[in-house]
Amino acid sequence: DPAENRVQEPTPAAYPLFLKLEFQKLIDKYQLSPACVAEELPTYTAEAEILETAERAEACLALWREAAYVTVYGTPDLAALAVECETGADSSLMVEIYVNRYAGDWRALLSALFAPDIRKVGHSVKDMMRALLAQGLPADGFIFDTALAAYLVDATAGSYDLQRLFVTYYNEQLPQPDHLTADAFNPLAGENIAAQTALISYTAAVSALHGTLAPKLRELEMEELYYTVELPLCRVLADMETAGFLVDRDALADFGAALQKTTDRVEQAIYDAAGETFNINSPKQLGYILFEKLQLPHGKKTKTGWSTNADVLEKLRHAYPIVDDVLCFRQYTKLKSTYVDGLMKVIDMDGRIRTSFQMTVTATGRLSSTEPNLQNIPTRTELGSQLRRMFTAAEGCVLVDADYSQIELRLLAHIADDETMIAAFRSGEDIHAVTASQVFGVPLDEVTPLQRSHAKAVNFGIVYGISAFSLAQDIGVFQSEAKAYMDSYFAKYHGVRDYMKRIVEQAKADGYVTTLFGRRRDLPELRSSNFNLRSFGERVALNMPIQGTAADIIKAAMVRVDARMRAEGLEAKLLLQVHDELIVECPAAEAETVRAILIEEMEHVVDYRVPLLVDAKIGASWAEAH
């Protein structure tokens, strides 16, 4: 019957499958929601009560202090919270706390609950810490974060929100998260049973996940990484987010005006060269002007028109001024819209910009910065340097910027146990010049700048599993020449060659790779029948132990630096982490002390065969200290 074969929209029964497979766009498109909600959570039986009096609060606080731990979950603004505490082998007490229902001192209650003497399990605890710190409340005593644990257990899951984790681990749905908005508990709206049910369910879900994930961390041998690096880092990052980075608003506005003036001039030059006005941001219109009207050399035409991406235009920029102007126009407009206009919108009343550090995004363990992203301000351009001048220290203070030197190459030398590379780093020689000397067969003192530049590309390319084809494109030589460089490299650096072969074979056998700290990344791609996916898996197998260990080291260093500055009673505060770089703001009188602490703690996080080196500078602005 043809009617039975017509395409139909998914029914609500598709929701759990789509949720498990992370088809979020399809869930949104078809407006799917759970057909049923979990009525009884694993290992959870509770009597729930609403906390209303100070007397009852004191009794609960006493109970919570004696407990091994309590589970806490709440709305983003912490106007509604639930606390679960085990009271027996198979029973627990669930207490709901609402700002509009509690007759006692609300701040005193939260101060007691989030003091260090009550051990707490939570979900995305950094966000809860930041909300507490923003209200001037303590944010201590967290002993477990289920989102962070789920991330360590499966670093490529993509999402660690509570609803998805609950489907993943128990194949049941929780109530919709929109029940848990702050508005749901607005006293003017009256009692909201759906919101209260959701709050209880989510708190019980966190408790259940704690029981499931804690043993998994032990099983995967990641407890030390979790409890000594990841979990303590939550508080460090919450403090950094709360502190924010001071920005010179007037200087930023002037910089934006200057950028706009330059953009207008370049735009006019493009129109003059083209002989007409057109939309420079339109690939189709730009392709027509460059490759049909002006007859510039071009690649293959596709269905959508000529390619005008950066790779194509970079090859033409030095021979054709209009192409150089187009690339400059793109750079200026991106700087203006993304950084100047974007940053101006998020400067707080006190002149500071507060980014959010995401802990569960990258599979390598690196932190990422969002809203706004302060990690991707261009570093190698003069305009990027000018932008960094806008980030300044408060009056009477300075910035101290500490940066690891070539950390990934140093880790490669240690992990690969390559004697030649280890000897170069231990002697303090320029590793890129040493590599050039090895690869090109010339004495160290006769290495040319170009040879050093090519050797640098080979050094860093090897870390990322680069191919001869990609290396040739990067340094502008024939593929055969790039292959010869790589062959010569591996002939000299035997340890690196053997490591690259060994780690891929080990990853194929195990199905995963780990960092030196034990951080794990599963690699199902290595078993794929698709060549490109397998090749991707092999590159990740090569790079993850190195880049991931570098990420672990900088995180461990942040925890140590923060603890040391607190222990010495300094006013200094960590403000920002950008990959291998830490930035601290401190009173000018503390600058040299802070600089010494950064170098000492960062260089001695680990004890490997190759020493870690840190360069630290002091300045009034980010540019000056970098």
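If you're wondering where the values come from, they're calculated on a predicted model, not measured in any experiment. (Residues numbered from 1 in each chain as written. Predicted model: local features only at pLDDT ≥ 70, side-chain atom pairs only at ≥ 80, totals over all residues. Heavy atoms only, no water.)

(A) How the structure looks around the overall build of the chain. Helix and strand counts for the chain come out as 24 helices and 16 strands. Relative to a compact globule of 626 residues, whose C-alpha radius of gyration would be 25 Å, the chain shows 28 Å and is just as compact. Residues classed as buried in the chain amount to 52% of the 626 residues present. For the chain, long-range pairs separated by at least 24 residues make up 66% of all intrachain contacts whose partners lie at least 6 apart in sequence. Just so you have it, the chain exposes about 29400 Å², and 51% of that area is on carbon and sulfur atoms. Charge separation in the chain, taken as the distance between the mean sites of 60 positive and 88 negative side-chain charges, equals 7 Å. (Helix = DSSP H or I, 4+ residues; strand = E, 2+ residues; numbered from the N terminus. Rg over C-alpha atoms; globule rule 2.2 N^0.38 Å. Buried < 20%, exposed > 50% of the residue type's maximum accessible area, 1.4 Å probe, protein only. Contact = heavy atoms within 4.5 Å. Areas by Shrake-Rupley, 256 points an atom, 1.4 Å probe, with all protein chains shown as cover. Lys, Arg positive; Asp, Glu negative; His and termini not counted. Charge placed at Lys NZ, Arg CZ, Asp CG, Glu CD.)

(B) View of the sheet that holds strand β16 (residues 614-619). Strand order across the open sheet formed by four strands is β14-β15-β11-β16, with antiparallel pairing between neighbours. Unpaired on one side and paired on the other, β14 (573-578) and β16 mark the two borders of the sheet. Averaged over neighbouring strand pairs, the angle between their axes works out to 20° when direction is ignored. Sheet topology places strand β11 (residues 397-404) next to β16; six bridges connect them, and they run antiparallel. By the bridge assignment, A402 is partnered in β16 with A616. Across the face of the sheet, helix α23 (residues 591-603) comes into contact with β11, β15 (581-587) and β16 while running at roughly 20° to β11. (Pairing = 2+ DSSP bridges. Axes fitted to C-alpha atoms, helices over the stretch in contact; angles between N-to-C directions.)

(C) View of the layout of surface pockets. The space that makes up the largest pocket amounts to roughly 1200 Å³. In this structure, the largest pocket is lined by 33 residues; those nearest its centre are T379, R380, D403, F460 and D580. When contributions to the lining of the largest pocket are tallied by element, the ones reaching two or more residues are β11, α15 (407-416), α18 (449-463), α19 (468-475) and β16. Here the residues of the lining of the largest pocket sort into eleven nonpolar, nine polar and 13 charged. (1 Å grid on protein atoms, 1.4 Å probe; cavity = no way out; pocket = protein on both sides within 12 Å on 5 of 7 lines; lining within 4 Å. Points joined across faces, edges and corners; volume = space filled by probe spheres on them. Nonpolar A, V, L, I, M, F, W, Y, C, P; charged D, E, K, R; others polar.)

(D) Local environment of the side chain of S621. Secondary-structure assignment places S621 in the loop between β16 and α24 (622-625). Assessed through its relative accessible area of 9%, S621 is described here as buried. A distance of 3.1 Å separates the side chain of S621 from the backbone nitrogen of E624, its partner in a polar contact. In contact with S621, other than residues within four places in its own chain, are R388, R389, F391, T392 and L399. (Polar contact = N/O pair within 3.5 Å; in protein donor to acceptor, adjacent residues only side chain to side chain.)

(E) A look at the side chain of S207. The residue S207 is located in helix α8 (residues 193-219) in this model. When its relative accessible area of 15% is taken as the criterion, S207 is described as buried. Discounting chain neighbours no more than four positions away, the residues touching S207 are T71 and E84.

(F) Examining the packing of α15 against helix α22 (residues 531-567) more closely. Two elements in contact, α15 and α22, have axes separated by 9 Å at closest approach and are oriented at 115°. By crossing handedness, the relation of α15 to α22 is classed as right-handed. On the side of α15, the interface is formed by I407, E408, L411, L412 and I415, while α22 contributes P545, I546, Q547, T549, A550 and I553. Among the residues making up the contact of α15 with α22, the classes are represented as eight nonpolar, two polar and one charged. (Left-handed = near helix turned anticlockwise from the far one by under 90°.)

(G) How the structure looks around α15. With respect to burial, α15 is a largely interior element, ten of its ten residues being buried. Looking at α15, one finds that the buried residues are I407, E408, L409, R410, L411, L412, A413, H414, I415 and A416.

(H) The packing of aromatic side chains, seen in detail. The tally for this structure, following the rule as stated, stands at 17 aromatic pairs. Note on Y489 and F490: the rings are 5.5 Å apart at their centroids and 90° apart in plane angle, and the pair reads as edge-to-face. Of the two residues examined, Y489 and F490, each falls in the buried class. Three or more aromatic residues joined by ring pairs form one cluster here, namely F144, Y226 and Y227. The ring of Y512 carries R520 above its face, with NZ or CZ at 3.6 Å from the centroid. (Phe/Tyr/Trp six-rings, centres within 6.5 Å; stacked < 30°, edge-to-face > 60°. Lys NZ or Arg CZ within 6 Å of the ring centre and 35° of its normal.)

(I) View of unusual backbone geometry. A cis amide bond, omega 0°, links E371 with the succeeding residue P372. Residue Q31 is not a glycine yet carries a positive backbone phi of 50°. Secondary-structure assignment places Q31 in the loop between α2 (24-29) and β1 (46-51). Notably, D417 is not glycine yet its phi reads approximately 55°, a positive angle. For D417, the position within the fold is in the loop between α15 and α16 (419-427). Exposure remark for D417: the relative accessible area of 41% places this residue in the partly exposed category.

(J) The environment of S201, seen in detail. Assignment of secondary structure puts S201 in helix α8. Accessibility expressed as a relative area gives 10% for S201, which makes it buried. Separated by 110 residues in the primary sequence, S201 and D311 place their C-alpha atoms 52 Å from one another.

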